[in-house]
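Residue strings, one per chain:
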Amino acid sequence: MKKVLRNVYLYLMLLFLYAPILVLMVYSFNASKSRGQWGGFTLEWYRRLFMDANIQSALYYTVMIAILATIISTIAGTVSSIGIFLYGNKAQKVMLNVNYIPVINPDIVTGVSMMILFAFVSMRQGFATMLIAHITFCIPYVILSVLPKLRQMDVNLIEAAMDLGARPMQIINKVVLAEIRPGIITGALFAFTLSIDDFVISFFTTGSGVSNLSIYVYSMAKRGISPEINALSTLMILTVTLLLFIINRRSNKKTKTTGERI
Amino acid sequence: MKKTIIEARNLYKEFGKNAVVKHINFTIAENEFVTFLGPSGCGKTTILRMIAGFEIPTSGQIFLYDKVINDIPAYLRPLNTVFQNYALFPHMDVFENIAFSMRIKKQEAKAIEAKVAELLEVVNLSGYEQRDIASLSGGQQQRVAIARALANDPKVLLLDEPLSALDLKMRKEMQIELKKIQREVKKTFIYVTHDQEEALTLSDKIIVLNHGEIQQSGTPIDIYNEPINTFVADFIGESNIIDGTMTKDFEVEFLGKRFLCVDKRPSLETDRVQVVIRPEDIEIGQCLEHTINGVVTSIVFKGVHYEIIVQCSESEYDFMIHTTDYHEINKHVGLDFGPDDIHIMKAG
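If you're wondering where the values come from, they're calculated on a predicted model, not measured in any experiment. Throughout this document, residue positions are counted from 1 along each chain, in the order its sequence is written. All chains are assigned letters beginning with A, and all ligands numbers beginning with 1, in the order in which they are written. Only residues with pLDDT of at least 70 get local features here, since the model is predicted, and only at 80 or more are side-chain atom pairs given and counted; chain-wide, interface and lining totals rely on the full set of residues.

Let us look at the overall build of chain A. Under the scheme used here, helices are H or I runs from DSSP no shorter than 4 residues and strands are E runs no shorter than 2 residues, and both carry numbers assigned from the N terminus. Of regular secondary structure, chain A possesses eleven helices and zero strands. If you list the helices and strands of chain A from N to C, you get α-α-α-α-α-α-α-α-α-α-α. Projected onto its principal axes, the C-alpha positions of chain A cover 70 × 65 × 30 Å. Every one of the 262 residues in chain A was classed for burial, and the buried ones make up 32%. Contact between two residues is assigned when their C-beta atoms, built from the backbone, lie within 7 Å. In chain A, 77% of the contacts between residues at least 6 apart in sequence involve partners at least 24 apart. Burial is judged by counting the other C-beta atoms within 10 Å of a residue's own C-beta: 20 or more makes it buried, 12 or fewer makes it exposed, and any count in between marks it as partly exposed, with every C-beta position built from the backbone.

See below:
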């Protein structure tokens, strides 16, 4: 009995969480324009989605920004992690806390402050500012996934490499990067997901003519929810879910292999 | 006289305010197997790390032949280290681990392959080239670590407690193996351990350390038979240490009796000395005029021998004796030993 109750509770929770998304997904295949009724199965909205020039441009910006922000923030975050790691233990803790602030900061605060900053340095808002903003909020996540890998690494490996004739740069290239690669990849996936996902910060840091998908959906929704939005949202959800799935699988695999090593 | 390869002059190292190595001097000859032996915290690993280049001496010099190497970074020193936890690169297979230093030097692929094969032969792991590091046992990882450290043809191989992670049987096997490898590759080995038995088995020369100072250095036989002070006597094997007095040359008095010995009266202001008698040098027999008499208080079977504690009747000093004969508890016995078995040390 207790077990049944527990399961009912669990499924109610899941239903509560996922019902809106499911409804949205189902309606993206609804032939009727009205939200109230089911007019039969159609892929019309998906077809229209891919015909729409605005959506294509939004998709272009989203993907471009996500790719560029991922590459730049992954490199910057990895280099910073190595830097932080080379500090003493105490400084490491301080740097980690500093790194946490942007993570727990509300997006709206980050977005507005970035906007003010761009105004302050008189930068015209557009693609560049949005990209900078994305890089900024991605770096802490990269650090969060790379730094633990560095700390897990056996420091003797660095000494061993040095002992075997490797100069500092060679040590980083041949040993350190290889050791922390799983962390770097996870960080990059995180950055990519976050960048695709972001609305609030993008909204405050972009300029006229440059909208990513989330901004475009928002502006479409202001004119009334069209079934195209459902289709677009469905695709976005699927993309992000896929990425999250990959990240999770990676972290599971990681714990397994480290477990073996011990 | 062999050529000196490594020399330390007035070597001193402190961490913060904490002096770890205190103005020590030593020389190591070519092709010698030298062991730094001491309890944990005696500074032995720090000395090894200074030779390797991972720590910079606070003062003093380290010489390689006649060149001071204090300021030469570790990656330029022709010395290689076998680490306590092996420190093998987990993302590389056995071949790549051993080839690492040769790849850094950009050697030809053919030469690398030949050298790796040769080294695997030396450490008895031929055919393991493609194996994953994680799939190897501790002893096998140890062998790979040794092969990797030898790949660069180092002038000196530094070994930091390399066998401490292995179980007893494996450790014994590797000891023999190590000695064999050293003879085969004809290199200077500098070894660090807290295991006195390992040091005695392997070394040509032992340097005993305590609190960052050298207590004694010499061949294993010298150190075992002629410990210079109570620390060395106690650390190297079991021993009975008794306070005594030199009455004249070749005669020492302790526990109320006079014994012949092989040492002269030391030219010191005091005649007080300490006497060391190894447990295996004492024979248990009947109570006689010239023997030290006491009662057996404990007997423990140790495999090869019994470890017997005999409490001396007059002074309550507990003697430890190793013998293959069985003696009942509470039995009155006499302890006998010859002049050769009595080692005289300065009173500590």
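Attention shifts here to the overall build of chain B. Tallying secondary structure elements over chain B gives eight helices and 20 strands in all. When the backbone C-alpha atoms are referred to their principal axes, chain B occupies close to 80 × 45 × 40 Å. A burial count over chain B gives 38% of its 348 residues as buried. A separation of at least 24 residues holds for 65% of the contacts in chain B among residues at least 6 apart in sequence.

Let us look at the sheet that holds strand β20 (residues 343-346) of chain B. Residue and element names in this part refer to chain B. Strands qualify as paired when DSSP identifies two bridges or more between them. Strand order in this open sheet of five strands is β13-β12-β11-β14-β20, and the pairing throughout is antiparallel. Of all strands in the sheet, those with a lone pairing partner are β13 (257-260) and β20, marking the two edges. Adjacent strand axes in the sheet meet at a mean angle of 45 degrees when their direction is disregarded. Here strand β12 (residues 251-254) pairs with β13 via four bridges, running antiparallel. Directly across from V252, in β13, lies its bridge partner F259. Axis definition: a line fitted to C-alpha atoms, limited for helices to the stretch in contact. Angles are taken between N-to-C directions and run from 0 to 180 degrees.

Our next topic: the domain arrangement of chain B. All the domain ranges listed were derived from an automatic or database domain assignment. Taken domain by domain, chain B consists of domain 1 (4-230) and domain 2 (238-346). Grouping the amino acids of the side of domain 1 of chain B that touches domain 2 of chain B by side-chain chemistry returns two nonpolar, three polar and one charged. In this classification, the charged set is Asp, Glu, Lys and Arg, the nonpolar set is Ala, Val, Leu, Ile, Met, Phe, Trp, Tyr, Cys and Pro, and all remaining amino acids, among them Gly, are polar.

To continue, consider the interface of chain A and chain B. Listed per partner, the contact involves 17 residues of chain A and 18 residues of chain B. Across the side of chain A that touches chain B, the residue classes break down as seven nonpolar, three polar and seven charged.

With that out of the way, let us pick up helix α10 (residues 213-222) of chain A. All names here are of chain A. Every buried residue of α10 is accounted for by L213, Y216 and V217. For α10, the angular spread of buried residues about the axis comes to 100 degrees, placing them on one side. Turned more than 90 degrees off the buried face of α10, the exposed positions are S219 and K222. G224 lies just past α10 and shows a positive phi near 105 degrees. Working note: the arc is built from the helix axis to C-beta atom directions.

A separate point is the sheet that holds strand β2 (residues 18-29) of chain B. Sheet strands pair via backbone hydrogen bonds, and the direction of the pair is either parallel or antiparallel. All names here are of chain B. A sheet is described by the order of its strands in space; here four strands give the open sequence β2-β1-β4-β5, paired in antiparallel fashion. Every other strand in the sheet has two partners, leaving β2 and β5 (67-68) as the edge strands with one partner each. Here two bridges tie strand β4 (residues 59-64) to β5, and the two strands are oriented antiparallel to one another. Its bridge partner being in β5, F63 is matched across the sheet by V68. Against the sheet, helix α1 (residues 44-52) touches β1 (4-15), β2 and β4, its axis set at about 120 degrees to β1.

What follows deals with the nonpolar core. Defined on buried residues, the nonpolar core groups Ala, Val, Leu, Ile, Met, Phe, Trp, Tyr and Cys residues joined through C-beta atoms within 7 Å. Counting 139 residues, the largest nonpolar core has A:C138, A:A191, B:I51, B:A147, B:L158 and B:I190 as the members making the most contacts within it. Ranked by residue count, the leading element in this core is helix α6 (residues 127-152) of chain A, at 13 residues. Summarising the domain contributions, this core has at least three residues from each of domain 1 (4-230) and domain 2 (238-346) of chain B. With near-sequence residues (within four places) excluded, B:L158 lies in contact with B:L48, B:I51, B:A52, B:L79, B:N80, B:T81 and B:I190.

Attention shifts here to the environment of A:F192. Residue and element names in this part refer to chain A. By the secondary structure assignment, F192 is in helix α8 (residues 168-197). As for F192 and M130, which are separated by 62 residues in sequence, their C-alpha atoms are 14 Å apart. Those residues in contact with F192 that sit more than four places away from it in its chain are A66, T70 and L243.

What follows covers the packing of helix α7 (residues 155-163) of chain A against α8(A). All names here are of chain A. Interhelical geometry of α7 versus α8 gives an angle of 155 degrees and a closest axis separation of 10 Å. When the axis of α7 is compared with that of α8, the two are roughly antiparallel. The element α7 and its partner α8 pack so that their crossing is right-handed. Residues L157, I158, A161 and M162 of α7 form the contact with α8, whose participating residues are I171, K174, V175, V176 and E179. Tallied by class, residues from the contact of α7 with α8 come to seven nonpolar, no polar and two charged. Throughout this description, any angle smaller than 35 degrees is read as roughly parallel, any larger than 145 degrees as roughly antiparallel, any in the 65 to 115 degree range as roughly perpendicular, and the remainder as oblique. By definition, turning the near helix anticlockwise from the far helix through less than a right angle yields a left-handed crossing, and turning it clockwise yields a right-handed one.

Inspection of α7(A) places A:L157, A:A160, A:A161, A:M162 and A:D163 among the buried residues, and these make up the whole buried set. For α7(A), the secondary structure elements touched by its buried residues are α8 of chain A together with α1 and β6 (79-82) of chain B. Two residues or fewer after α7(A) comes A:G165, characterised by a positive phi angle close to 100 degrees.

Residues and elements named next belong to chain B. Pairing of strand β16 (residues 292-301) with strand β17 (residues 306-312) involves seven bridges; the strand directions are antiparallel. The residue bridging V295 from the neighbouring strand is Q311, located in β17. Here β17 runs beside strand β18 (residues 318-323); their pairing, made up of six bridges, is antiparallel. Note on β18: the bridge partner recorded for Y306 is T323. Between β17 and β18, which pair antiparallel one after the other, the connecting turn spans five residues, and E316 there sits at a positive phi close to 60 degrees.

This part takes up unusual backbone geometry. All names here are of chain B. The backbone phi angle of N10 is positive, close to 55 degrees, even though this residue is not glycine. Here N10 shows up in strand β1. Classification of N10 by C-beta neighbours within 10 Å gives exposed; the count is 12. At N124, a residue that is not glycine, the phi angle is positive and equals roughly 70 degrees. Relative to the helices and strands, N124 resides in the loop between α3 (109-122) and α4 (138-150).

The next subject is the pairing of β16(B). Residue and element names in this part refer to chain B. Where β16 and strand β19 (residues 332-336) come together, four bridges link them in antiparallel fashion. Bridging across to β19, N293 finds its partner in G334. Linking β16 back to β17 in an antiparallel pair, the connection comprises four residues, with G303 at a positive phi of about 100 degrees.

Residues and elements named next belong to chain B. Per-residue confidence from the predictor is reported as pLDDT, which spans 0 to 100. In the predicted model, chain B carries a mean pLDDT of 90, and the fraction of residues at 70 or more is 99%. No element of chain B has a lower mean pLDDT than β20, which averages 84, and none a higher one than strand β3 (residues 33-37), which averages 96. Scored as a whole, the predicted complex attains pTM 0.79, and scored at its interfaces, ipTM 0.82.

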